Amino acid sequence: MMQAKRPLTLLLASPRGFCAGVDRAIQIVETALEKFGPPVYVRHEIVHNRFVVETLEAKGAIFVEELDEVPEGGKVIFSAHGVPKSVPAAAEARELIYFDATCPLVSKVHIEAGRLHERGLQILLIGHAGHPEVIGTMGQLPERAVTLVETLADVEAFRPRDPDRLAFVTQTTLSIDDTAEMVAALKARFPNIVAPHKEDICYATTNRQEAVKAIAPRAEAMLVIGAPNSSNSMRLVEVAERAGCTYAALVQRATDIDWAALGHPHTVGLTAGASAPDVLVDEVIAAFREHFDVTLEMAETVRESVQFKLPRALTGE
Ligand code: SF4
């Protein structure tokens, strides 16, 4: 006789998944493919998600690491994370046609860093070394104009040129709580440090972390759909752990779920990073239905309505 499935409540965080910047970046690649026909080159993963990359590859996008892989006359798109200034300059020097899919909220940080630099301030960037967004933001300014600080120890060890001529900006996809600690430490050491006009951590990162915090106290476990190189997805796992989930894990797809490690929970929270498409959320829910008698519950903390326009050069509008 078939055993009855255990009941399980699946708490679906909302907002979750695609943000306006990711949506726009994907639309830029799709519109370029429609307008010019394949191939269209994309420098780096357009967003940190294998599924999205493979779907665009199937439509004729070719992903490259560097511009020199793009042939003469090629059309190339820069990813949502932003690029150092040297990249569009190199594209222009080679007369490549390029479209910049940098999220407008990342561009805002670039502009801000530029203005602070013009004021003669030494800039600290709170972020993660090696992340494309950090490379892009640091690459807006001359070498050594921006100092990266990743940890409280980095803040402690930092020796400014002038402690009264400092400013900071941040990566857009950081942990809100960790960043608040870093900012507090910076302000404690350098009371005159200039803060960004408006919070650099973007609305999507903030809302997804808040949504996880809201459901974590009710969930024994939390699954985050996203890629290991997606900063905002990794932060969601940390937020869930800190909010009390005994088990929190990142999964790229349903096949990654470790059912044995998950055990026999009564309530599981489910969310997705800003670069994970909804089709993967559906896939994970379907996998849960195979293992459990699932009751799906939406847990909406805020409704998002942010949308960004595509570049005029692409739409002709
Ligand atoms: S996570 Fe935020 S900054 Fe990054 S693409 Fe999305 S909206 Fe833009």
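Keep in mind that this is a model prediction, so the values were computed, not measured.

Draft legend 1. Structural detail: the overall build of the protein. The helix and strand tally for the protein stands at 12 helices and 12 strands. For a compact globule of 317 residues, the expected C-alpha radius of gyration is about 20 Å, and the protein comes in at 21 Å, within 12% of that figure. With 317 residues in all, the protein has 51% of them scored as buried. Restricting the contact set of the protein to residue pairs at least 6 apart, pairs at least 24 apart contribute 76%. Taken as a whole, the protein presents about 15000 Å² of accessible surface, with 52% of it coming from carbon and sulfur.

Draft legend 2. How the structure looks around the environment of A286. Here A286 shows up in helix 11 (residues 278-291). The spacing of A286 and R24 is 262 residues in sequence and 28 Å in space, taken between C-alpha atoms.

Draft legend 3. How the structure looks around unusual backbone geometry. With an omega of 5°, the peptide bond between S14 and P15 qualifies as cis. Within the secondary structure, P15 sits in the loop between strand 1 (6-14) and helix 1 (20-36). In the segment running from P38 into P39, the intervening peptide bond is cis, with an omega of 0°. Relative to the assigned elements, P39 resides in the loop between helix 1 and strand 2 (40-43).

Draft legend 4. Geometry of the site of the ligand. Every residue near the ligand is listed here: C19, G21, V22, C103, L105, V106, T172, T173, C202 and Y203. In terms of residue class, the shell around the ligand is made up of 7 nonpolar, 3 polar and no charged.

Draft legend 5. Up close: the sheet that holds strand 11 (residues 267-272). Here we have 5 strands laid out as an open sheet, ordered 10-9-11-1-12, and parallel in their pairing. The open sheet has two edge strands with one neighbour each: strand 10 (247-251) and strand 12 (292-300). The sheet shows a mean angle of 25° between the axes of neighbouring strands, direction not considered. Bridge count for strand 9 (residues 221-225) against strand 11 is 5 bridges, and the pairing is parallel. For V224, the partnering residue across the bridge sits in strand 11 and is T271.

Draft legend 6. Up close: the pattern of salt bridges. On inspection of all chains with the given rule, the structure shows 16 salt bridges. The partner of K59 in a salt bridge is E30, with the nearest N and O atoms 2.8 Å apart. Of this pair, K59 sits in the loop between helix 2 (50-58) and strand 3 (61-64) while E30 is found in helix 1, placing the two residues 29 residues apart along the sequence. The class of K59 is partly exposed, set by a relative accessible area of 43%. You can call E30 partly exposed: its relative accessible area is 25%. One salt bridge in this structure joins R208 and E304, with 2.8 Å as the shortest N-O distance. In this pair, R208 is assigned in helix 8 (residues 203-215) and E304 in the loop between strand 12 and helix 12 (312-315), connecting sequence segments 96 residues apart. For R208, a relative accessible area of 1% corresponds to the buried category. Residue E304 is classed as partly exposed on the basis of its relative accessible area of 26%.

Draft legend 7. Geometry of helix 8. In a regular helix each residue adds 1.5 Å, so 13 residues correspond to 18 Å; helix 8 covers 19 Å between its end C-alpha atoms and thus fits that length. Every buried residue of helix 8 is accounted for by Y203, A204, T205, N207, R208, Q209, A211, V212 and I215.

Definitions and limits used
- Residues numbered from 1 in each chain as written.
- Predicted model: local features only at pLDDT ≥ 70, side-chain atom pairs only at ≥ 80, totals over all residues.
- Heavy atoms only, no water.
- Helix = DSSP H or I, 4+ residues; strand = E, 2+ residues; numbered from the N terminus.
- Rg over C-alpha atoms; globule rule 2.2 N^0.38 Å.
- Buried < 20%, exposed > 50% of the residue type's maximum accessible area, 1.4 Å probe, protein only.
- Contact = heavy atoms within 4.5 Å.
- Areas by Shrake-Rupley, 256 points an atom, 1.4 Å probe, with all protein chains shown as cover.
- Near = heavy atom within 4 Å.
- Nonpolar A, V, L, I, M, F, W, Y, C, P; charged D, E, K, R; others polar.
- Pairing = 2+ DSSP bridges.
- Axes fitted to C-alpha atoms, helices over the stretch in contact; angles between N-to-C directions.
- Salt bridge = Lys/Arg side-chain N within 4 Å of Asp/Glu carboxyl O.
- Expected span 1.5 Å × (residues − 1).

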